[in-house]
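Residue-level listing of the chains:
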Amino acid sequence: MAALTRVSGSVGLISLLNPPVNALSAAVRQGIVDTVRRAVSDPQVKSVVICGQNGVFCGGADIKEFGGHMSGPPLVPIFNTIEAADKPVVAAIEGSALGGGLELALACHYRITQSKARLGLPEVSLGLLPAAGGTQRLPRLIGVPAALDLITTGRHLTGAEALKLGIVDQVTDQNTVEAAVKFALSIVGQSLESRRISTLPCPCPADIDAFFEGVMQRVKKSAHGAIAPVACVQAVQAAATLPFTQGMQREQELMATLFGSGQARALQYCFFSQRVVSKWSSPSGSRWDTSKPKPVTKVGVIGLGTMGRGITVALALAGLSVVAVETQQQQMMAAQHAVSGMLERTARRRGVSLVGDQIRYSVELEAVADVELVIEAVFEDMALKEKLFKQLSTLCKADTLLCSNTSSLDIDHLASQTHSPQLVVGMHFFAPAHVMKLLEVVYGPRSAPQAVATAMELGKRMGKVSVAVGNCSGFVGNRMLMPYVEEASFLVEEGASPEIVDRALEEFGFPMGVFRMSDLSGLDVGWKVRKARGLVEPGQMSRVRQGRRYSPLGDLLCEQGRFGQKTGRGWYLYDSAGSREAQPDPWLQSFLEEYRARQGLVSRRIDSQEVLERCLYALINEGFNILQEGIAAGPEDIDMIYVFGYGFPRHRGGPMFYASQVGLAQVLQRLEHYQQLHPDIPHLRPSSLLRRLVSSGSPRIQRWREIIRMPHSSL
Ligand SMILES: CC(C)(COP(=O)(O)OP(=O)(O)OC[C@H]1O[C@@H](n2cnc3c(N)ncnc32)[C@H](O)[C@@H]1OP(=O)(O)O)[C@@H](O)C(=O)NCCC(=O)NCCSC(=O)/C=C/CCCCCCCCCCCCC(=O)O
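Residues numbered from 1 in each chain as written. Predicted model: local features only at pLDDT ≥ 70, side-chain atom pairs only at ≥ 80, totals over all residues. Heavy atoms only, no water.

Q: It is not clear to me how helix 3 (residues 100-107) should be interpreted in this structure. Could you clarify?
A: Working note: α-helix, 3.6 residues per turn, so residues spaced by three or four point in the same direction. The element helix 3 is largely enclosed, with a buried count of eight among its eight residues. For helix 3, the set of buried residues is Gly100, Gly101, Leu102, Glu103, Leu104, Ala105, Leu106 and Ala107. (Buried < 20%, exposed > 50% of the residue type's maximum accessible area, 1.4 Å probe, protein only. Helix = DSSP H or I, 4+ residues; strand = E, 2+ residues; numbered from the N terminus.)

Rendered as structure tokens:
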């Protein structure tokens, strides 16, 4: 799994051979041990270059090995041997040097990289830390603050950025291995003393204790309960305060606490799930590997409200030509101004040149006549969308894909308004559309495989995590959100305050609880949806609607003009309209007391366990219904939707993974308990798939797809 050849007379070239990313599997590690030993002992070899096969240096430790029994030689002694070699060793970095891959490069005496290569220590995003010396060598090489930034965020650098930081010695746009071999020839005989990073002092900020205290506070705040970032800070602190050998010991101890943790399992599940969802399939049998996307260069966006503007920006940033249509002249001018601002800010942040010139604005719908794909982003009004799809079907080219950004309306119904229903799919973006990573691609029963493949591919080009889902009210994300939000309101009726509910969810790891989120997005959004569903009865307090329990609290607040942050009051009070600082509102407290009294509800103490169980298990239960109906192909699809679109803490793996960790039998038992107490809440009735999984012995989440597909009796 590693090969040694001699090139240019005296350079030992070691190639890692483990496609696709040359991960450091047991066989590769053994290969490195063997080839390094041979190269070092061969008198004809004067210097060594390490590279990876097929244009990729090394994607790091083999993550697949982490789940099982680890065997083979460990990395730390291998890297120490490389660093201690008395012949110069040069890393030739192409493609990626990530995690253990970069740690391997740091053990080498010199590093030469392709300018576009990606370098980084992303272990934190897998719930780990760079435990093959990364936390000890990187701070010694580039200083504590820069190393902390890379290790606690896991962000990738380009080769050019790595040069600026001093991680690499040379960047090349030519053949990297050839450049490294040439370099290796030129340094034979030079002293290696200053090239062994472990022997260097660690450049530290002046008041080191105060510095680390500040860093720890910041990291804990943004970690939302994740433990790996905290351990990363502790490991770097060891580099700053201890000799190398003791620092390495501390690194190993900290790694041991992370390695078997539930958070590491959840984050590694997320890594693989992100890749699983790109390999989509639908119940009709169409699949990612048999459906070829149609090439798309020019896209029309219709409706330039908040969503349309974000979508336009995201398309332009992905290098596509955009025809942006808004029929209201004034709204068009405002949108043009806003889009330019968003592009300017993004270009500045990314350090790239502006990309606005490929956007053409128009007030005429006919402007999209020659595009290959249209994304409709007008108001959530079925009549308006029906009319638009009819028009588009006539004026666009016969093979133009017509996509809707609707967040809940029936894609199949929209398709039925067109001449070619097979060319219609949903592309449900999340606000702000140029920032949020999630895209739900919604296929209807008539959507052609090519239409789904094209929307998935376009999402990928836009840097999104695209998840293909079936058509139902709310699709996957918003459908599951309904029971979650409803449970929160029921808990407030029963005695909780918005603060109690939000605190429990935020301690669980959500960046925002349900009520703060509702205040941010606007209470009127849900009000409109409930009105459209015929649930709102103005001025009425009845708590049973359409035959099931209903909480009119949100409607009553909207009737008072309390729409959340934008009006300065909602579930919380704000200093002024638009302010973000949520304060408990004494008015709301009295309002709730009066409401409960009028409803004959006796307020009771509600603890965070009940909040979590009722909100999360209701959401998870709907997830099982969605899986059972085939709306999502597997639990990974649901989990990625929730992690990338709804702020579900990544270190918990997503709702379905979380359920698997809690134990399916436990989730079932608690749902049964709550359903007995609240028989008028249908979403607490356990899903039959959940029951089926429990009676199949609660298999590992990776096996759920098999059980879902198994024929079963509905009895
Ligand atoms: C950027 C990439 C490298 C490439 O991206 P792209 O080209 O888009 O390709 P992908 O689709 O992402 O990937 C292609 C396929 O390759 C698979 N893949 C990728 N990387 C890995 C990997 N590292 N391991 C395994 N497989 C990998 C991927 O799944 C795809 O497969 P498929 O086609 O879908 O089947 C990109 O892939 C990427 O970013 N990769 C991950 C990079 C990364 O995160 N690297 C860090 C890995 S962790 C690490 O390196 C840690 C090092 C520290 C030392 C570890 C020591 C461990 C043992 C210590 C034990 C101590 C505990 C003691 C406990 C006790 O005492 O009990």
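Let's pick the thread back up.
Q: Would you mind going over the packing of aromatic side chains with me for this structure?
A: Tallying each qualifying case throughout the model produces 17 aromatic pairs. With centroids separated by 5.9 Å and ring planes inclined at 40 degrees, the aromatic side chains of Tyr484 and Phe510 adopt a geometry described as tilted. On the criterion of sequence distance, the pair formed by Tyr484 in helix 17 (residues 477-494) and Phe510 in the loop between helix 18 (498-508) and helix 19 (514-521) is long-range, its members being 26 residues apart. A residue is classified by how much of its surface remains accessible, and Tyr484, at 5% relative accessible area, is buried. Judged by relative accessible area, which is 5%, Phe510 ranks as buried. A centroid spacing of 5.4 Å and a plane angle of 40 degrees characterise the contact between Phe624 and Trp704, whose relative ring orientation is tilted. (Phe/Tyr/Trp six-rings, centres within 6.5 Å; stacked < 30°, edge-to-face > 60°.)

Q: Explanation requested: the UniProt feature "domain: 3-hydroxyacyl-CoA dehydrogenase C-terminal" (unreviewed entry) in the protein chain in the structure shown.
A: Mapped onto this structure's residue numbering, the UniProt feature "domain: 3-hydroxyacyl-CoA dehydrogenase C-terminal" (unreviewed entry) falls at residues 474-574 and 611-698. Across residues 474-574 one finds 53% helix and 4% strand; the C-alpha atoms that close the span lie 30 Å apart. Along residues 611-698 one finds 67% helix and 0% strand; the C-alpha atoms at either end are 24 Å apart. (UniProt positions renumbered as here; feature names shortened; annotations may be inferred.)

Q: Is there a simple way to explain the packing of helix 23 (residues 608-628) against helix 25 (residues 655-662) in this structure?
A: Think of two packed helices as two axes; the pair is described by the angle between the axes and how far apart they sit. Between helix 23 and helix 25, the least distance of the axes is 9 Å, while the angle of their chain directions is 110 degrees. Our classification of the angle between helix 23 and helix 25 gives roughly perpendicular. Residue-level contacts link Leu616, Tyr617, Leu619, Ile620, Gly623, Phe624 and Leu627 of helix 23 to Pro655, Met656, Tyr658, Ala659 and Val662 of helix 25. When grouped by side-chain class, the residues that make up the contact of helix 23 with helix 25 number eleven nonpolar, one polar and no charged. (Axes fitted to C-alpha atoms, helices over the stretch in contact; angles between N-to-C directions. Parallel < 35°, antiparallel > 145°, perpendicular 65-115°, else oblique. Contact = heavy atoms within 4.5 Å. Nonpolar A, V, L, I, M, F, W, Y, C, P; charged D, E, K, R; others polar.)

Q: Teacher, can you tell me more about the domain arrangement of the protein chain here?
A: Quoted interface sizes are often the accessible area lost when the parts come together. Here the protein chain is described as being made up of domain 1 (2-259), domain 2 (298-472) and domain 3 (496-599). Between the C-alpha centres of domain 1 and domain 2 the distance comes to 42 Å. (Domains from an automatic or database assignment.)

Q: Explanation requested: the site of the ligand in the structure shown.
A: The environment of the ligand is made up of 28 residues, and the closest members are Gly59, Ala61, Gly100, Arg275 and Lys279. Between the ligand and the protein, one listed contact pairs a nitrogen atom with a backbone N or O atom of Gly59 at 2.9 Å. The contact in question runs from an oxygen atom of the ligand to an N or O atom on the backbone of Ala61, over 2.8 Å. The protein chains hide 69% of the 1300 Å² of surface that the ligand would expose on its own. Within the residue set of the shell around the ligand, elements represented by two or more residues are strand 5 (96-98), helix 3, helix 10 (244-259) and helix 11 (262-278). In terms of residue count, the dominant contributor to the shell around the ligand is helix 11 (three residues). Its residues assigned to classes, the shell around the ligand shows 16 nonpolar, five polar and seven charged. (Near = heavy atom within 4 Å. Polar contact = N/O pair within 3.5 Å; in protein donor to acceptor, adjacent residues only side chain to side chain. Areas by Shrake-Rupley, 256 points an atom, 1.4 Å probe, with all protein chains shown as cover.)

Q: For this particular structure, what's the right way to read the sheet that holds strand 1 (residues 2-7)?
A: Strand pairing in a sheet relies on backbone hydrogen bonds, with the paired strands running either antiparallel or parallel. Across the sheet, which stays open at both edges, the six strands sit in the order 1-2-3-4-6-9 with mixed pairing between neighbours. The strands lining the two open edges of the sheet, one partner per strand, are strand 1 and strand 9 (170-172). When the angles between neighbouring strand axes are averaged without regard to direction, this sheet yields 20 degrees. With three bridges connecting them, strand 3 (residues 47-52) and strand 4 (residues 89-93) associate as parallel partners. In the strand pairing of strand 4, Ile50 is matched with Ala91. Relative to strand 1, helix 1 (residues 26-41) is tilted by about 25 degrees, and along the sheet it contacts strand 1, strand 2 (11-16) and strand 3. (Pairing = 2+ DSSP bridges.)

Q: Help me understand the UniProt feature "domain: 3-hydroxyacyl-CoA dehydrogenase NAD binding" (unreviewed entry) in the protein chain, please; the structure alone is not making it clear to me.
A: In this numbering, the UniProt entry assigns the feature "domain: 3-hydroxyacyl-CoA dehydrogenase NAD binding" (unreviewed entry) to residues 298-471. Along residues 298-471 one finds 38% helix and 23% strand; the C-alpha atoms at either end are 26 Å apart.

Q: Would you mind going over the state of the cysteines with me for this structure?
A: Note on terminology: disulfide describes a covalent bond linking the sulfur atoms of two cysteines. What the rule picks out here adds up to zero disulfides. Here Cys204 is not disulfide-linked; the sulfur of Cys202 is the nearest cysteine sulfur, at 4.2 Å. Between Cys396, a cysteine without a disulfide, and Cys403, which holds the nearest cysteine sulfur, the sulfur-to-sulfur distance is 11 Å. (Disulfide = S-S within 2.5 Å.)

Q: Can you help me understand the pairing of strand 4 in this one?
A: For a regular strand, side chains alternate in direction, first toward one face of the sheet and then toward the other. Counting buried residues along strand 4, five of its five residues qualify, which places the element largely inside the surrounding structure. Residues Val89, Ala91 and Ile93 of strand 4 are buried on one face, and the alternating residues Val90 and Ala92, pointing to the opposite face, are buried as well. As a crossover connection, the stretch from strand 3 through helix 2 (residues 75-84) into strand 4 is right-handed. Pairing of strand 4 with strand 6 (residues 110-114) involves four bridges; the strand directions are parallel. In the strand pairing of strand 6, Ile93 is matched with Thr113. (Right-handed = clockwise from strand over helix to strand, strands pointing away.)

Q: Would you explain unusual backbone geometry in this entry?
A: For residues other than glycine, phi is negative in most cases, and the peptide bonds are mostly trans. The peptide bond linking Pro19 to Pro20 adopts the cis configuration, its omega dihedral lying at 5 degrees. Note the cis peptide between Ala431 and Pro432, where omega equals -10 degrees. Topologically, Pro432 is positioned in the loop between strand 15 (424-429) and strand 16 (438-443). Notably, Asn22 is not glycine yet its phi reads approximately 55 degrees, a positive angle. Residue position: Asn22 is located in the loop between strand 2 and helix 1.

Q: Can you walk me through the pairing of strand 11 (residues 321-325) in this structure?
A: Most of strand 11 is tucked away, with four of its five residues classed as buried. Pairing analysis gives five bridges linking strand 10 (residues 298-302) to strand 11, with the strands arranged parallel. Counted as the bridge partner of Gly300 is Val323 from strand 11. Between strand 11 and its parallel partner strand 12 (residues 359-362), the chain crosses via helix 13 (residues 329-350), and the hand of that crossover is right-handed.

Q: Looking at this model, I keep getting lost on helix 4 (residues 134-142). Mind explaining?
A: Burial analysis of helix 4 places eight of its nine residues in the buried class, which makes it a mostly covered element. For helix 4, the complete set of buried residues consists of Gly134, Thr135, Gln136, Arg137, Leu138, Pro139, Arg140 and Ile142. Where helix 4 is buried, its residues contact helix 2, helix 3, helix 5 (144-153), helix 6 (159-165), helix 9 (228-241) and helix 10. Downstream of helix 4 by one or two residues, Gly143 has phi in the positive range, about 95 degrees.

Q: It is not clear to me how the nonpolar core should be interpreted in this structure. Could you clarify?
A: Counting residues in each nonpolar core, the largest one holds 103 residues, and the members touching the most others are Val501 and Phe624. Top element by residues in this core is helix 23. It accounts for eleven residues. Two domains each donate at least three residues to this core, and these are domain 2 (298-472) and domain 3 (496-599). Phe624 has contacts with Met656, Leu664, Ser687, Leu689, Leu690, Leu693 and Trp704, leaving out every residue within four places of it along the chain. Leu16, Leu102, Leu129 and Val233 belong to the second-largest nonpolar core, a separate cluster that totals 71 residues. (Core = buried A, V, L, I, M, F, W, Y, C linked by side-chain atoms within 4.5 Å.)

Q: Which parts of the structure should I look at to understand a positive patch on the surface?
A: Taken together, the side chains of Arg345, Arg348, Arg349 and Arg350 present a region of like positive charge at the surface. Relative to the helices and strands, Arg349 resides in helix 13. (Patch = residues over 30% accessible without salt bridge, like charges linked within 9 Å, V, L, I, M, F, W, Y side chains within 5 Å. Salt bridge = Lys/Arg side-chain N within 4 Å of Asp/Glu carboxyl O. Lys, Arg positive; Asp, Glu negative; His and termini not counted. Charge placed at Lys NZ, Arg CZ, Asp CG, Glu CD.)

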